[in-house]
Amino acid sequence: MMNHFMVLAVLLPLRTCYTTYLQQESIVFPVVYLNISKDLALQRLLVAWDVGKSAHDAELAMSFEIQILRTDETTTVWTEFHNVTLDKSGKPLHWIWDSDLPLECVSHSVRIRSKAEVSNIWSQWSLWETVLGLDTSNNSGPQIFPNEKIVEEGSDITLCCIGRKGQIIKEFFLVPSVYVFNRTNSQVRFLTVKNVAHQEVPHISVYCRESCNEEQCYDNAVFFVGKPPDTPNDFSCQTQDMRTVTCTWSQGGDTYLYGHHSPKYSLSEEFSKKTVPCTVSCSEQCSCSWDIGQQRIFNITMTVENPLGKKTAMDVFDVTHRIYPAAPFQLWEKCTDTEITLHWKHRNKGIELFCQIEVLQPNGKVDLHNTSDTHLHYSSITLGGLQPYTEYTARVHCGAAKHFWRWSEWSEALTVRTKEGIPSGKLDIWREITPVLGGRNVTLFWKQAPSFRANDRSISYEVTWEKVEDGSKPESVSFSSVYNSTRISIDNHSYRISVMAKNNVNYSLPSVLIIPRATGNNRSTKELKEEQVNGTDDGIFISWEPRQIYDSYIIDWCNFPMLQPCDLQWKRFGPNTSSALINSAAFVPGVRYHFHIHGSVANRASLLEKKTGYLRELPPLLDPVVEKVELTFNAVTLSWDSYPTNESQSGFVRGYHVYVSPMQEDCSLKGSKKHVLPDDSVLCKYTIENPEEKRYTVEHLLPNTKYKLVVKAYTGGGETPIVNFIHIDTPFNSNTLYLLVLLVIVPSLLAAICRWKMKWVKECCCPVIPSPNKSKVLSFKEFKIGPEKVLKISDCTPDMLAVDNKAEAQKLHPWSQLSSMPREEKIDGHNSSWIYPNENEERDFTPTPTPQIHTWFENFAYSSHLAVEPDPCQIRETLEASKPELSVVLYQPHYYFDIFNDNAAASPRETAGRKTSVRYISQTDVHCLGRRL
């Protein structure tokens, strides 16, 4: 809490503590006297002292240092410097200190010293002056201080519990429990609560108990948390009758203090210095009233206070400027069909008033009318320009005409109905023409336009029609108010039709339609193409091409197109309008609505354009039913010819989607796009953008393969989910079979034939060279040299032996000796020496001893050194070269086979290049000594 400095104008008993002298400018200051007392209610220490008469005579500026010590503290708890200028009055000096602890809890001691302000030398400290606490007294039990206290919310509070001498405080706590700071000694305990908050309970209780359990060992106390009152808002004073003044103000926020701690209000008047004699009452706001008397100007101060503080509000006013009239009363009226005269009374006699009348019209609009024509007892006002047979509600309030302060409260409301009048405005009429045999049926519709008013409780309608050309007698028919249409039959002439409303007063102005002559040619109407329009959330937007010749446009449609009659509706638009948003509570998504736009001039209407659209398109109600499926090995053709695209659909059919199950995830089918279903399966999608195209061929399919297909129609609202599929199996491709025959069977046959022919060709052109190991020659008596079989050359004579050159031929000496004149012939450019026996010619040979020769016969089969014995066969030693009939018959095979390479065949031309090689040409049965081998 804050320290307060104040001077107490009281004389306290003085006593001498000690004497000190202060030398300053040759003046010796006398002693200081100190006295201390306490104010327990405010927890304050009051300190007083005196410096003696001689010090006051000096009139010097003095400084005093004051210290405060608590008996339970080892150091001082407060130090403060107090400056004062001494005067000659000789009065004692005073100082006040506010303690944060209750003064009953502990003893407090004070001391003081002084000096002249211009000096740096302090006097000696006075002795400690002590104010004892209750901790030194003999109590009958523990005590809590403060024992009852009002605490401001948000402040800090310290409580203490003092035990009896020789007793120890065992418990010291609060209910409800809050966070506290504790400090204690054996006899005294403290609780410090920071930032005290208002609890839901009305008060906080404190309990203290010593270490014993007897009744005298307990104590408790209660303290309340509240707020000081708010400053009164809207404080003002006024009068209604110049006899009584009433002041009002708002009560302000809750202080949380009730009963005798609740806020107290009081009013006082500054000029008269009197307390205002009024009783305050508070509900929604507070007020207080008293008699004015003769006083006219007031200065009112209103004070509100509670134990935690007080606030004030002021109002200065002239009572003649604060007139707040009473509300008017006893309203009554007089009226015609278009006027109301309103009368009322008021209580403010002798006060000139200014009144305001509020009139509530049927459309909810409020009109205000002012009047200053007031009478001492009553007032009136006439309100004109009203609608016949219409209810109006009026009320009145008034204010002072001079020195206007505020309006009075409103009077009670009065509801008035004007009298009946002629129907105002015209009916809005329209027609629907249907050609019939010999004439036409005209269905006539009418409704009350926004500007039309019946002006009566009852109304009826009268329809009249007549020919335009010959002025024949008109025909008419009447209907009650429950009807809004009728059908009349007319011939093919031009007719004038009018409709009027009638009430108890008179007829309304007629609404006229001209039905033109029937031309018998409606081709222009049928040729009008119906254009599609789009809907929005607010309605269906219609636009048309304006024409200057028309003075208005009419759009008609059916709210329920599928019903008969269809509840025809229409709207009229001005000549400068070319678009409109048509809305109706009957419009629903998925229904196709048809709109006809007519132009009207001189009550004659012509059809200009036709529109159709949806408020919102929905997916088709039904999927196309595939009626025909045509299959080939790589394509399928689907047809759905009977699928409707008319108004039975819930949207404009924009086209179709054909879905096919793919063989691959990437939908490689030409012309398709990948489409992923919600279950992550993949389909190939084809799009047909023409709704009249109801046939589609899916190509590039695989033969002999299963597929799933589905056809979906789509609108502006999308399409239905894919559920049911058509399952197909593409047939086997016969062309593939033919190709298989051509590519597999025919080449196989050709290969077989070629293999068979190749064997014959090979035998003819490339005979197999017999293996020497399989030769019959080897069946003769033989002997072996090592692993090789050896055949004596004398065992047989080969048919022919070819040597590539003569040098080799000379080596074969036995054959070279057969002819003394060997014959060489050139065959195909190949020079060879042929040595042959002629077995077809029987000759007698004279054996001639032949010397034994050694030669080598070497090829792949024979590789040995042979000892040639004399040939037992008789061989002619010489041949006569002169005998031409003994021409050499040569054996020339088709091919020559290299013995060292059995797989290689060479032509005679190729053989010519290898003249040094020995070639085995042939081996046939050999005749040896007349035996066939």
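Bear in mind the structure is a predicted one, so any value in this text is a computation, not a measurement.

Draft legend 1. Representation of the overall build of the chain in the model. A count of helical and extended segments in the chain gives six helices and 67 strands. For the chain, the residues scored as buried account for 39% of the 933 residues in total. A fraction of 64% describes how many contacts in the chain between residues 6 or more apart in sequence connect residues 24 or more apart.

Draft legend 2. Just the nonpolar core, in detail. Core analysis: the largest hydrophobic core is formed by 22 residues, its most contacted members being Leu 638, Trp 640, Val 658, Val 660, Val 698 and Leu 709. Breaking this core down by element, the ones donating at least two residues are strand E49 (636-639), strand E50 (655-660), strand E52 (682-688) and strand E54 (706-714). Apart from the residues within four sequence positions on either side, Leu 709 is in contact with Val 636, Leu 638, Tyr 659, Val 660, Val 698, Phe 725, Ile 726 and Ile 728. Core analysis: the second largest hydrophobic core is formed by 21 residues, Leu 427, Leu 444, Val 499 and Ala 501 among them.

Draft legend 3. Summary view of the sheet that holds strand E53 (residues 695-698). In spatial order, the strands read E48-E49-E53; together these three strands make up an open sheet with antiparallel pairing. Of all the strands in the sheet, the pair left with one neighbour each is strand E48 (628-631) and E53. Between one strand and the next, the sheet's axes are offset by a mean angle of 15°, whatever the strand orientation. Sheet analysis places E48 next to E49, joined by four bridges and oriented antiparallel. When the sheet's bridge partners are listed, Lys 628 is paired in E49 with Ser 639.

Draft legend 4. Representation of a nonpolar patch on the surface. Together, Leu 739, Leu 742, Leu 743, Val 744, Ile 745, Val 746, Leu 749 and Leu 750 give the surface a local cluster of nonpolar side chains, amounting to about 740 Å² of exposed area. With respect to the helices and strands, Leu 750 occurs in helix H3 (residues 734-765).

Draft legend 5. Broad picture of the pattern of salt bridges. For the structure shown, the criterion picks out 24 salt bridges. Ionic pairing is found between Asp 156 and Lys 194, a salt bridge with its closest N-O pair at 3.8 Å. Of the two residues, Asp 156 is situated in the loop between strand E12 (148-152) and strand E13 (157-162) and Lys 194 in the loop between strand E16 (188-193) and strand E17 (204-210); the sequence distance between them amounts to 38 residues. With a relative accessible area of 42%, Asp 156 lands in the partly exposed category. The class of Lys 194 is exposed, set by a relative accessible area of 56%. Taking the shortest distance from any N to any O, the salt bridge between Asp 729 and Lys 706 comes out at 3.2 Å. Of this pair, Asp 729 sits in strand E55 (residues 726-729) while Lys 706 sits in strand E54, placing them 23 residues apart in sequence. For Lys 706, a relative accessible area of 61% gives the class exposed. Members of the salt-bridge network, linked through shared partners, are Glu 531, Arg 547, Glu 609 and Lys 611.

Draft legend 6. Looking closely at the environment of Ile 96. Tracing the backbone shows Ile 96 in strand E8 (residues 93-98). Judged by its relative accessible area of 1%, Ile 96 is buried. A sequence separation of 52 residues divides Ile 96 from Arg 44, and the C-alpha atoms of the two residues are 6.7 Å apart.

Draft legend 7. Highlighting the confidence of the model for the chain. Overall, the predicted model of the chain reaches an average pLDDT of 77, with 75% of residues at or above 70. Per-element confidence in the chain is highest for strand E43 (residues 552-558), whose mean pLDDT is 96, and lowest for strand E1 (residues 16-18), whose mean pLDDT is 32. In the predicted structure, residues 1-31 sits below a pLDDT of 50 and forms 70 contacts with residues beyond four places in sequence or in another chain. Low confidence marks residues 807-933, where pLDDT is under 50. Its contacts with residues over four positions away, or in another chain, come to 180 contacts.

Draft legend 8. Examining the side chain of Thr 248 more closely. When you line up the elements, Thr 248 lands in strand E20 (residues 244-250). In this view, Thr 248 contacts Asp 234, Phe 235, Ser 236, Gln 285, Cys 286 and Ser 287; residues no more than four positions away in its chain are not counted.

Draft legend 9. Focus on the pairing of strand E24 (residues 286-291). Alternating positions in E24 separate cleanly, Cys 286, Cys 288 and Trp 290 being buried on one face and Ser 287, Ser 289 and Asp 291 remaining unburied on the opposite face. Across six bridges, the pairing between E20 and E24 is antiparallel. Across the sheet, Thr 244 pairs through a bridge with Asp 291, a residue of E24. Sheet topology note: the strand E23 (residues 281-282)/E24 ladder contains two bridges and is antiparallel.

Draft legend 10. Structural view of the sheet that holds E52. Read from one edge of the open sheet, five strands run E51-E52-E50-E54-E55, paired in antiparallel fashion. In this open sheet, the two strands that pair with only one neighbour each are strand E51 (673-676) and E55. In this sheet, adjacent strand axes meet at a mean angle of 35° when their direction is disregarded. Where E54 meets E55, four bridges bridge the pair, whose relative direction is antiparallel. Counterpart to Lys 708 in the pairing with E55 is His 727.

Draft legend 11. Here's a closer look at unusual backbone geometry. A cis geometry characterises the amide bond from Phe 145 onward to Pro 146, with omega recorded as -10°. Positive phi values are uncommon outside glycine, yet Asp 234 reaches one of about 55°. Along the chain, Asp 234 falls in strand E19 (residues 233-239). Phi is positive for Asp 680, close to 70°, though the residue is something other than glycine. With respect to the helices, strands and loops of the structure, Asp 680 is situated in the loop between E51 and E52.

Draft legend 12. Spatial organisation of the state of the cysteines. The tally for this structure, following the rule as stated, stands at nine disulfides. A sulfur-sulfur separation of 1.6 Å characterises the disulfide bridge that pairs Cys 212 with Cys 217. Residues Cys 212 and Cys 217 are joined by a disulfide whose S-S torsion is about -115°; by sign, that bridge is left-handed. According to the relative accessible area criterion, Cys 212 is buried, its value standing at 15%. Judged by relative accessible area, which is 0%, Cys 217 ranks as buried. Linked covalently through their sulfurs, Cys 282 and Cys 286 form a disulfide whose S-S length is 1.9 Å. Here Cys 282 and Cys 286 share a disulfide; its torsion about the S-S bond, 115°, makes the bridge right-handed. For Cys 286, a relative accessible area of 0% puts it in the buried group.

Draft legend 13. Inspection of the environment of Val 196 at higher detail. By the secondary structure assignment, Val 196 is in the loop between E16 and E17. Classification of Val 196 as buried rests on a relative accessible area of 3%. Apart from residues lying up to four places away in sequence, Val 196 is in contact with Val 151, Glu 153, Gly 154, Ser 155, Ile 157 and Val 225.

Draft legend 14. Local environment of the packing of aromatic side chains. Following the criterion strictly, the structure yields 25 aromatic pairs and no others. Relative to Tyr 461, the ring of Trp 446 has its centre 5.7 Å away and its plane inclined at 50°; by these criteria the two rings are tilted. Of the two residues, Trp 446 sits in strand E35 (residues 439-448) while Tyr 461 sits in strand E36 (residues 460-467), which places them 15 residues apart along the sequence. Each member of the pair, Trp 446 as well as Tyr 461, carries the same accessibility label: buried. Centre to centre, the rings of Tyr 643 and Tyr 656 are 6.0 Å apart; their planes meet at 70°, and the pair counts as edge-to-face.

Draft legend 15. Highlighting the environment of Leu 702. Within the element layout of this structure, Leu 702 appears in the loop between E53 and E54. On the basis of relative accessibility, which here comes to 43%, the residue Leu 702 falls in the partly exposed class. Remark: the alpha-carbon pair of Leu 702 and Thr 632, spanning 70 residues in sequence, is separated by 9.9 Å.

Draft legend 16. Region of interest: the side chain of Asp 98. Mapped onto the elements of the fold, Asp 98 is located in strand E8. A polar side-chain atom of Asp 98 sits 2.8 Å from a polar atom in the side chain of Arg 44.

Reading guide: rules and limits
Residues numbered from 1 in each chain as written. Predicted model: local features only at pLDDT ≥ 70, side-chain atom pairs only at ≥ 80, totals over all residues. Heavy atoms only, no water. Helix = DSSP H or I, 4+ residues; strand = E, 2+ residues; numbered from the N terminus. Buried < 20%, exposed > 50% of the residue type's maximum accessible area, 1.4 Å probe, protein only. Contact = heavy atoms within 4.5 Å. Core = buried A, V, L, I, M, F, W, Y, C linked by side-chain atoms within 4.5 Å. Pairing = 2+ DSSP bridges. Axes fitted to C-alpha atoms, helices over the stretch in contact; angles between N-to-C directions. Patch = residues over 30% accessible without salt bridge, like charges linked within 9 Å, V, L, I, M, F, W, Y side chains within 5 Å. Areas by Shrake-Rupley, 256 points an atom, 1.4 Å probe, with all protein chains shown as cover. Salt bridge = Lys/Arg side-chain N within 4 Å of Asp/Glu carboxyl O. pLDDT = per-residue confidence, 0-100. Disulfide = S-S within 2.5 Å. Phe/Tyr/Trp six-rings, centres within 6.5 Å; stacked < 30°, edge-to-face > 60°. Polar contact = N/O pair within 3.5 Å; in protein donor to acceptor, adjacent residues only side chain to side chain.

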